[in-house]
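Structural description and commentary
The residues making up each chain are set out below.
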Amino acid sequence: MWKKALLAASLLLPLTCAPAEAAKVGPLIKVVEPEPMRIPSTIHLLAKTPMYKDVDTAAAPADGLLAPQHDVIVLGGQYDWARGRSWWKIQTWLGERWISPEPWNVDVPPPTKLTLLDLTPLYAARDASLPPSAELTPQEVQVVDAEKQWFYSNDPNEKKWIKIRTTWLGDQWLQLPVGQIGNIKPLDTYAYYGGEPVYSRLPANRYQMNPEDSDLRLENETVHLIGEYVTVYDHFYLTETKAGRGWVANRGAEAIRRTENVAIQSDTPLIPDLTRPNVYTVLQPQTVQSFERLADEETYHVRTPQGEGWIRTAYAEPTDAKPISLTVKLGSERGLNRFPFALFPLDRTLPAGETIRTTAYYWKGDPWEPYWYQVEPADGSGKAWLQLDPRVDRIDLPGEAPAAYAAFQQTQAYTIAAGPDATLRTQGKTVGYLKDGVPYFALEEAAPLFNFELGEADGLGRVEVRHPSGYSFVLQPGQTQAETRWNGHVEETVPLLEKPTIRDGQLILQGDDLGLLLGTSIDWFESRQYLYLFTDQYRIDTGSGTFHTDGNRAHATMLLLYRSVQPYEPNPALAPKLVVRQGSGEASTSNARTVDSGWLPPSWKLALHTASAPQMNASADSLSATVTLGARILWKRDLSAK
């Protein structure tokens, strides 16, 4: 069971749908294999350096200490190693290990080649005051040496000395900004850009690239990449555009130029500009011909009778949508989409209170993706998709007319620490104590956490604990029962496990009795060092408001939408329950049937509660219905006979 101590003592948590991996914690370290210029294949350590078996154990004692040494074999590194402390994966006599030295404690061999971008003077020694031996035009040169830590600088414009080999002067020195110690390697590929500045001159680094200084922008365009300029710090790309050659900072989306036939199986948006997917026309099922596609997804550039544009098969009207017939009363205004994806909103909304009927639902299967429902609005505007919100929408099942609806809203939770002195504390104060491992709570401290207030009941030494909803309960120290009330009227007398007691002037309730009366659950974690004290909050609505009879018994139903996510696991006895009775007659028996709700996100569960009570008067046309959470009353109404 996933448990983690929460930093905040009080939380209001709405229902969320997230994959289990989202709960994992730990460093997210990405290393890449050695590559020319960016990640060296060997490094020199200039200081003693701790090594670790794994990144996750770096907070533990080091696995060993490496002495300063040359030619440490690199298996992987991080691209920002020259800017600050980073992680290296290396090969040692103990096998693979991790180190994290500061950049000033590392040196690396210089690149074997570099590309000069400008006219560059040469010197016989590392002294810029000497007259230059010669000047080199832009070209590729062979490197034989460099000053120590040639890569390290806080300013990419700071110049470093590099020794190169010439055919007519022998070895010579030159100075280059550290951000321009790199080389150009050829490329022959195509890339799509949605809005990329192009520069005629290569800047020292991308942080000096001001889009306002660019010569043009690639807008919704595929261009030919013919070169890649690589430095320790970055990559830049040489492109062939309609206006000539220029440099861009990003690789773009790789595009493959080839002709393909693409079969469209269902209505599909034709998008002229991928940066504006909400502007489109709809292609009906047909076969079209593409002349290029994006490499990492099924996105095709096509020409059709409706015009030129892009189609993405993943955005087509789903052919695997499943039928579902639901009647839904919207609890809030809802936007409509032409396709079941957020990128395709329509300029129409449905108002709160409108009743709609769904015909199908669709889910991509990704835990982060929402469920979509297809509808045909009454205005005759055609099919559309929307998302439902079970918290506020009222969903009717075919053939069912429940008297009430209960929908989970959020969990109100407090993290309570069990101290070594057996005290229970939250929000900086003591709220109870442990006795033989059983929690006891001071009612004056615990009840206000859940919006209850204490007062005198009737001047007879009894205490009434009231909630703004109209629910209250009355108890007295030394008595093993409590009295529940609704809007001031006595409802039931409920037995308690233990007598309430007075301790240090406070009224004390055993934890299960507190849960019975407040509707709270307790969930221990961290080897019982902490507990969650929490309650699930529900919205209760009147549905049909009716009951039906079967012989001499009356029956009513409640549709319950509840959460199915951790970390809080409520006491099963504290699930919402429908209770019906006639007058002061016998309370109903109740059973719950789980409803197949594959059309809901997996974080929601659906159950149909049926309450059945004997009728004292078979001709009676009214019945009281109550929804409870333990003994706590959440809702009460009178029902009428069908």
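Residues numbered from 1 in each chain as written. Predicted model: local features only at pLDDT ≥ 70, side-chain atom pairs only at ≥ 80, totals over all residues. Heavy atoms only, no water.

1. Observations concerning the overall build of the protein chain
Counting its regular elements, the protein chain contains two helices and 53 strands. For 642 residues, the compact-globule estimate of 2.2 N^0.38 gives 26 Å, and the C-alpha radius of gyration of the protein chain, at 36 Å, exceeds that figure by more than 25%. Its C-alpha atoms put the protein chain at 115 × 75 × 40 Å along the principal axes. With 642 residues in all, the protein chain has 47% of them scored as buried. Residue pairs at least 24 apart in sequence account for 60% of intrachain contacts in the protein chain once pairs closer than 6 positions are excluded. (Helix = DSSP H or I, 4+ residues; strand = E, 2+ residues; numbered from the N terminus. Rg over C-alpha atoms; globule rule 2.2 N^0.38 Å. Buried < 20%, exposed > 50% of the residue type's maximum accessible area, 1.4 Å probe, protein only. Contact = heavy atoms within 4.5 Å.)

2. Here's the deal with the confidence of the model for the protein chain
Of the residues in the protein chain, 92% reach a pLDDT of 70 or more, and the chain-wide mean stands at 88. For the protein chain, the element scoring lowest by mean pLDDT is strand β1 (residues 10-14), at 48; strand β37 (residues 438-442) scores highest, at 97. Across residues 1-10, confidence stays below pLDDT 50; counting only partners more than four residues off in sequence or on other chains, it has 30 contacts. The low-confidence segment residues 13-26 (pLDDT under 50) makes 27 contacts with residues lying over four places distant or belonging to another chain. (pLDDT = per-residue confidence, 0-100.)

3. Observations concerning the packing of aromatic side chains
Applying the stated criterion across every chain, the model contains 26 aromatic pairs. Ring geometry for Trp-81 versus Phe-151: centroids 4.8 Å apart, planes at 55 degrees, classification tilted. Here Trp-81, found in the loop between β5 (69-77) and β6 (88-92), pairs with Phe-151, found in the loop between β12 (140-146) and β13 (159-165); they are 70 residues apart in sequence, far enough to count as distant. The class of Trp-81 is buried, set by a relative accessible area of 3%. According to the relative accessible area criterion, Phe-151 is buried, its value standing at 0%. Counting every residue linked through ring pairs, the aromatic cluster contains Tyr-280, Tyr-315, Phe-339, Phe-341, Phe-344 and Tyr-362. A cation over an aromatic ring shows up here: Arg-126 above the ring of Trp-173, its NZ or CZ 5.5 Å from the ring centre. Lying across the ring of Trp-524, Arg-528 places its NZ or CZ 4.1 Å from the centre. (Phe/Tyr/Trp six-rings, centres within 6.5 Å; stacked < 30°, edge-to-face > 60°. Lys NZ or Arg CZ within 6 Å of the ring centre and 35° of its normal.)

4. Overview of the nonpolar core
Nonpolar side chains tend toward joint burial in soluble globular proteins. Residues Tyr-373, Leu-386, Leu-578, Val-580, Trp-599 and Leu-606 are the most contacted members of the largest nonpolar core, which totals 47 residues. By residue number, the principal contributor to this core is strand β48 (residues 553-563), which donates six residues. Among all residues touching Leu-606, those that are not within four sequence positions of it are Leu-397, Leu-559, Leu-560, Leu-561, Tyr-562, Arg-593, Thr-594, Val-595, Ser-597, Trp-599 and Leu-600. Grouped together as the second largest cluster of nonpolar side chains are 36 residues, Ile-39, Trp-81, Val-108 and Val-230 included. (Core = buried A, V, L, I, M, F, W, Y, C linked by side-chain atoms within 4.5 Å.)

5. Notes on the pairing of strand β52 (residues 622-629)
Burial analysis of β52 places seven of its eight residues in the buried class, which makes it a mostly covered element. In this sheet, β52 lies alongside strand β49 (residues 577-581) in antiparallel orientation, the contact comprising five bridges. Paired with Arg-581 across the bridge in β52 is Ser-624. Across eight bridges, the pairing between β52 and strand β53 (residues 632-641) is antiparallel. Across the sheet, the residue bridging to Val-627 is Trp-635, located in β53. The hairpin turn running from β52 into β53, its antiparallel successor, is two residues long, and Gly-630 in that turn takes a positive phi close to 70 degrees. (Pairing = 2+ DSSP bridges.)

6. Quick look at helix α2 (residues 511-518)
Judged by how many residues are buried, α2 sits mostly within the fold: six of eight residues are covered. Restricting attention to buried positions, one finds in α2 the residues Gly-511, Asp-513, Leu-514, Gly-515, Leu-517 and Leu-518. A distance of 2.5 Å separates the backbone nitrogen of Asp-512 from a side-chain oxygen at the start of α2, and that oxygen is part of Gln-510. (Polar contact = N/O pair within 3.5 Å; in protein donor to acceptor, adjacent residues only side chain to side chain.)

7. Examining the sheet that holds strand β2 (residues 42-45)
If you walk across this open sheet you meet the five strands as β7-β6-β5-β2-β8, and the pairing is antiparallel. Here the strands that pair on one side only, and so sit at the sheet edges, are β7 (95-99) and β8 (106-107). The pairing of β2 with β8 spans two bridges and is antiparallel. Following the sheet pairing, His-44 is matched in β8 by Asp-107.

8. Topic: the pattern of salt bridges
On inspection of all chains with the given rule, the structure shows 27 salt bridges. Across the pair Lys-89 and Glu-96 runs a salt bridge, and its minimum N-O distance is 3.4 Å. A relative accessible area of 43% places Glu-96 in the partly exposed class. Of the charged contacts in the structure, one is a salt bridge between Glu-158 and Lys-160, with a shortest N-O distance of 3.8 Å. The exposure class of Glu-158 is partly exposed, given its relative accessible area of 35%. Classification of Lys-160 as buried rests on a relative accessible area of 7%. (Salt bridge = Lys/Arg side-chain N within 4 Å of Asp/Glu carboxyl O.)

9. Things to note about the pairing of β53
Note: strand β47 (residues 546-550) against β53, two bridges, orientation parallel. Along β53, the bridge assignment pairs Phe-547 with Ala-641.

10. With respect to the environment of Pro-318
Relative to the helices and strands, Pro-318 is located in the loop between β26 (307-312) and β27 (322-329). Separated by 275 residues in sequence, Pro-318 and Arg-593 have C-alpha atoms that sit 32 Å apart. With sequence-adjacent residues up to four places away left out, Pro-318 is seen in contact with Pro-340, Tyr-362 and Trp-385.

11. Concerning the environment of Ala-611
Here Ala-611 lies in strand β51 (residues 604-614). Spatially, the C-alpha atom of Ala-611 lies 66 Å from that of Met-51, the residues being 560 residues apart in sequence. Sequence-distant contacts of Ala-611, that is, excluding residues within four places in its chain, are made with Ala-554, His-555, Ala-556, Leu-578, Val-580, Ser-588, Thr-589 and Ser-590.

12. A few points about the sheet that holds strand β40 (residues 471-475)
Across the sheet, which stays open at both edges, the five strands sit in the order β38-β39-β40-β41-β42 with antiparallel pairing between neighbours. Strands with a single pairing partner mark the edges of an open sheet, and in this sheet they are β38 (453-456) and β42 (489-495). Adjacent strand axes in the sheet meet at a mean angle of 25 degrees, parallel and antiparallel pairs treated alike. By the bridge criterion, four bridges tie strand β39 (residues 463-466) to β40 in an arrangement that is antiparallel. Bridge pairing in β40 links Val-463 to Leu-475. Along the sheet face, α2 touches β40, β41 (481-486) and β42 and points at about 140 degrees away from the line of β40. (Axes fitted to C-alpha atoms, helices over the stretch in contact; angles between N-to-C directions.)

13. Remarks on the side chain of Asn-337
Here Asn-337 is to be found in strand β28 (residues 334-337). We classify Asn-337 as buried; its relative accessible area is 8%. Here the side chain of Asn-337 touches Phe-341 through a polar contact of 2.6 Å, landing on its backbone oxygen. For Asn-337, the residues in contact, after removing those within four places along its chain, are Ala-342, Phe-344, Pro-345, Leu-346, Trp-372, Ala-384 and Trp-385.

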